[in-house]
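Residue-level structural notes
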Amino acid sequence: MATQPPVLSGSEIRQKFLSFFEERGHQPIASASLVPEDPTVLLTIAGMLPFKPIFLGQVAPAVPRATTSQKCIRTNDIENVGRTARHHTFFEMLGNFSFGDYFKTQATAYAWELTTQTFGIAPENVVVSVFEEDDEAFEIWRDRVGVNPKRIIRMGAADNFWVSGPTGPCGPCSELYYDFKPELGDDNIDLEDDTRFIEFYNLVFMQYNRDIDGKLTPLQKQNIDTGMGLERMAQILQRKPNNYETDLIYPIVETAAQLAGIDYSTADEATKVSLKVIGDHVRAVVHMIADGITASNEGRGYILRRLLRRVIRSGRVLGITEVFTTKVAETAIQLSESQYPGVRQREQFIKNEMEREEQRFRETLDRGEKLLAEIIDRSSSSISGEDAFVLYDTYGFPLELTQEVAEEKGLTVDAEGFETEMQKQRVRAKAAHKTIDLTTQNAIADLAKTVAETSFLGYTENAAPAKVAMILVNSTTVTQAEAGDLVKFVLDQTPFYAESGGQVGDSGYLSGDDLLVRIDDVQKQNGLFVHIGQVDRGTLTVGSTVTATIDRTSRRRTQANHSATHLLQSALKLMVDDTIGQAGSLVSSDRLRFDFSLNRAVTPEELQQIEQQINQWISEAHGADIEVMPIAKAKAKGATAMFGEKYGETVRVIDFPGVSMELCGGTHVNNTAEIGVFKIISEAGVAAGVRRIEAVAGPAILEYLNIRESVVKDLSDRFKVKPEEITDRISAMQSELKENQKQIAALKSQLAVAGASQLMAQAEGIGEFNAIVAELPGADAESLKSAAENLLQKLGASGAVVLGSSPEAGKVNFVAAFSPEAVKKGLQAGKVIGAVAKICGGGGGGRPNFAQAGGKDDSKLGEAIVEAKALVTAGLG
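Points about the sheet that holds strand β25 (residues 625-630)
- Strand order across the open sheet formed by 3 strands is β25-β26-β27, with antiparallel pairing between neighbours. Sheet topology places β25 and β27 (660-663) at the edges, where each strand pairs with a single neighbour. Averaged over all adjacent pairs, the angle separating strand axes in this sheet is 25 degrees, with direction ignored.
- Bridge count between strand β26 (residues 650-656) and β27: 4 bridges; the pairing is antiparallel. Note on β27: the bridge partner recorded for V653 is L663.
- Packed onto the sheet, helix α17 (residues 552-575) meets β26 and β27 and runs at close to 115 degrees relative to β27.

A short note on helix α6 (residues 230-237)
- Most of α6 is tucked away: 7 of the 8 residues are buried.
- Turning to α6, its buried residues are L230, E231, M233, A234, Q235, I236 and L237.
- Buried residues along α6 sit against α1 (10-22), β3 (90-99), β7 (168-179), β8 (197-210), β9 (216-229) and α8 (269-290).

Digging into the confidence of the model for the protein chain
- Predicted confidence across the protein chain gives a mean pLDDT of 88, with 95% of residues reaching 70 or more.
- Below a pLDDT of 50 lies the segment residues 431-441, which in the model reaches 32 contacts outside its immediate sequence neighbourhood of four places, other chains included.

Looking at helix α22 (residues 781-795)
- Between its first and last C-alpha, α22 extends 21 Å over 15 residues, near the 21 Å set by a 1.5 Å rise per residue.
- When α22 is considered as a whole, its buried residues turn out to be S783, L784, S786, A787, A788, N790, L791, L792 and L795.
- Directly beyond the C-terminal end of α22, a positive phi value near 85 degrees is found at G796.

As for the packing of aromatic side chains
- One pass over the structure, following the stated rule, counts 20 aromatic pairs.
- Between F17 and Y201, the ring centres sit 6.2 Å apart and the planes meet at 70 degrees, which makes this aromatic pair edge-to-face. Pair noted here: F17 is in helix α1 and Y201 is in strand β8, with a separation of 184 residues, a long-range link.
- Under the relative-accessibility criterion, Y201 is labelled buried at 0%.

Brief notes about the pattern of salt bridges
- Under the defined criterion, the tally for this structure stands at 38 salt bridges.
- For R142, the salt bridge goes to D143, with nearest N and O atoms at 2.7 Å.
- The exposure class assigned to R142 is partly exposed, which follows from its relative accessible area of 34%.
- E347 is the partner of R344 in a salt bridge, and the nearest nitrogen-oxygen pair spans 3.1 Å.
- Linked through salt bridges whose partners overlap, the residues forming this network are E330, E337, R344, E347 and K351.

What counts and what doesn't
- Residues numbered from 1 in each chain as written.
- Predicted model: local features only at pLDDT ≥ 70, side-chain atom pairs only at ≥ 80, totals over all residues.
- Heavy atoms only, no water.
- Pairing = 2+ DSSP bridges.
- Helix = DSSP H or I, 4+ residues; strand = E, 2+ residues; numbered from the N terminus.
- Axes fitted to C-alpha atoms, helices over the stretch in contact; angles between N-to-C directions.
- Contact = heavy atoms within 4.5 Å.
- Buried < 20%, exposed > 50% of the residue type's maximum accessible area, 1.4 Å probe, protein only.
- pLDDT = per-residue confidence, 0-100.
- Expected span 1.5 Å × (residues − 1).
- Phe/Tyr/Trp six-rings, centres within 6.5 Å; stacked < 30°, edge-to-face > 60°.
- Salt bridge = Lys/Arg side-chain N within 4 Å of Asp/Glu carboxyl O.

Spelled out as structure tokens, the structure:
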């Protein structure tokens, strides 16, 4: 019988892995942010993602060997979280990487030594898989490592051949599996049996390049990319039945259980699933917010909001009635802070964001309960799958909860229709889900492999000679571009600033012998500055020497706005909240935009104080001290860095002593006096917990004031008042308009009631009841309501009224008003009106005695009135 490996904590596993490889020449590299530099993915979804440019050959590796513990997020299998033993959204991937250094033989030796000696796993507990055609790997495991050949399993390309896409780097994989039941023997091993095996270490041998025809060519430099799931290894070494009960996650689960008054060990399976969802998702949410992501309705923010809402919904299912996410977040922070100190440093921001989202979603859930009541009210026998899905997707109601409430009311739920809607969402999610693509190669990336990075001269020079290194016309590499051609080109050196750090690229021109190229923008890619513009005169030729000249006026204006942005951040910290952090910015020649973390609006008084303070700093003429220094020295001096931004070992510090000190690569004024004047244009929220200030500085203010003066003059002329009287005139006009609208509504209502009086003659007797079901042409919703109430009053205690109208093309209104006796008979206004509106492509509902609805297809109004008559007749007869 195999000996049991020693029990290790999650922290010990992580440290032993990193130390093992550091001792063997690997450079430990801190985890990258969950917000990747790679624009093709929303989140960091794999341990190798930060090394993508190296594997692609776009960037030379700084070291030949590296080891990391990388934070990762994947949400494509979110519905499996808590239901299987190993599915997660947030996980840590331990990895060792070789960039053209060692390959298969050494990688397999390291993996075996780490597994069997460092972690103490017995060889009889390990099974190895190899790609079915990779005889080399099979022989290494068998002959060099000494693995029993019966425990080396050949598998197909679907499982054991890694590809980056249709073309590009690729190679076979070898995976290590832990065998929980080695006593079952070595014959007929099935690695798909997840009750017996769990894959814990994957070795990718990146040895080929696949071309467009599918041909595999050996790479010049072969790489190693590995991944060991920390949570899976913790499950193995801590001898737990699933990842959730390891010390990496279980303390969060336990905190949630205590808040719900539940004993996890005796809980039923459904309860355990809810607790596991909280345990997994809270880890993801804490790290996402710590990396600067805030909840929103798109992109990363939507993923964060969805995860957090699943946490809140699970808590509600467990019976937690209080605001609780910050309490479970505290446990998650305690578990993570030793390895990821940023979560503790951003603790208050994390908790504020979670609490705000929880309070909002609780209100949404309350509205969902009201909607469910309305749906039940208008449903005769079954709740549609579409309605059940809206409750689930928008309001957080699990299907089981909707079914439970429906059953209490004697209704069923169309579970098949719900699953159809769910499948549609999965299709949408998969379409939006992006995977790692290492095949995005272009001419600029190829050029970056053969030439040095562009030398930027723009801090000191406005014009400079340069040599043309490459020209692109219509995305095709050419040697010459003629007058009229739209071009992208690279120079060996340039005074043009390339867009980065929020500052837009410079504009200007390129000149030479009878040559003039207009430059409208500059972008940076792979260390090369890509100039974008049009050849106005002459011929632009690769290899020729030209003169690059920036638009000095535009640069000066941009510098003023950029330095003003730094002053703005300092003023916000000074006047509003010293914990404010930058969340984005845009600096151009005509304006500046600054996004920052704050969970409330900046008051008008605060905005005025900020503006005054900045203008005071400007008038005090603070000189700029600009210095390049080691990042450690910059941080020690107190320089502000943008959270989540990646910096090198040396950084550029912009210091206006006593006012502002930030890490920044942009261009700036030499003295605050050069800014001239600063004016805030607007302040608004752009996402939950993120505010935005737009402003102008320097010469751009004159244009801003000219526009405003033109508007004021036009309004003065139109209203025939002085500029200072405009607001009073507008207020008076608004009051007049409001009064006129009231009078119009009253007249419409009177007309509708008058028209409805003629319908009394159409009242039909149904048993002891009198009913009017008719169309009232042209009436809007409010008028229709008044008419129905008036008719019901005239019909008395035995009345029932259903009216429909089409006030304009593509719009239909319905109203139903029933007397108490009609309701006692079984007639339900909400159900009747819901069924009728559906015919016209709409919906609605209300109380049993009164309901309103709308629709879009006015061509079916007559058909809807006929259906309404049938429903009323059946209900009263």
